[in-house]
Amino acid sequence: MGWLLVLLAAASEVAGAAGLKLYSQQKNIGNGLLYIGGFGASFVFLYTSFHFLQLSIAYIVWVGIGTAGAVFINMYLFGESKNIGRMVSVGLIIVGVIGLKVFS
């Protein structure tokens, strides 16, 4: 259950980051709700995951998945650079998150 909550928290964070980008481009209620709702839901899911997982593990997995997800969203939806260095760096983040899951 804890891992599901962390994944939901990370997905919500990615949605919040996309909403923040959209809201910075065009301030409307939909983008604002995605931005505030995404980050709000992310914190609720993360907080709830602490009942099942150690704080240090849940937090770093949330940060890692959220960071990698935000980078991918920005590359594929908002046209940021897709150079090999960025892709390798995101891959290393994902490997680190998987390693934490396997060894915890």
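Residues numbered from 1 in each chain as written. Predicted model: local features only at pLDDT ≥ 70, side-chain atom pairs only at ≥ 80, totals over all residues. Heavy atoms only, no water.

**Here's the deal with the packing of helix α1 (residues 2–25) against helix α2 (residues 29–49)**
Across the interface, α1 lies against α2 with an axial gap of 7 Å and an inter-helix angle of 160°. Considering the angle they form, α1 stands roughly antiparallel to α2. The handedness of the crossing between α1 and α2 is left-handed. Residue composition of the contact of α1 with α2, grouped by class: 16 nonpolar, 10 polar and 1 charged. (Axes fitted to C-alpha atoms, helices over the stretch in contact; angles between N-to-C directions. Helix = DSSP H or I, 4+ residues; strand = E, 2+ residues; numbered from the N terminus. Parallel < 35°, antiparallel > 145°, perpendicular 65-115°, else oblique. Left-handed = near helix turned anticlockwise from the far one by under 90°. Nonpolar A, V, L, I, M, F, W, Y, C, P; charged D, E, K, R; others polar.)

**Overview of the nonpolar core**
Listed in full, the 10 residues of the largest apolar core are Val-6, Ala-9, Ala-10, Leu-46, Leu-53, Ile-57, Ala-58, Val-61, Trp-62 and Val-97. Sorting the residues of this core by element identifies α1 and α3 (55–77) as the ones contributing at least two each. Among the elements that make up this core, the one with the highest residue count is α3 (4 residues). Ignoring anything within four residues of it in the chain, the contact list for Ala-58 reads Val-6, Leu-46, Ser-49, Phe-50 and Leu-53. (Core = buried A, V, L, I, M, F, W, Y, C linked by side-chain atoms within 4.5 Å. Buried < 20%, exposed > 50% of the residue type's maximum accessible area, 1.4 Å probe, protein only. Contact = heavy atoms within 4.5 Å.)

**Examining the packing of aromatic side chains**
Following the criterion strictly, the structure yields 5 aromatic pairs and no others. Relative to Trp-62, the ring of Phe-43 lies with its centre 5.8 Å away and its plane at 55°, an arrangement referred to as tilted. Taken together, the positions of Phe-43 in helix α2 and Trp-62 in helix α3 put the pair 19 residues apart, joining distant regions of the chain. For Trp-62, a relative accessible area of 7% translates into the label buried. Taken together through their ring pairs, the aromatic side chains of Tyr-23, Tyr-35 and Phe-39 make up a single cluster. In this structure, Lys-21 packs its charged tip against the face of Phe-78, placed 5.9 Å from the ring centre. (Phe/Tyr/Trp six-rings, centres within 6.5 Å; stacked < 30°, edge-to-face > 60°. Lys NZ or Arg CZ within 6 Å of the ring centre and 35° of its normal.)

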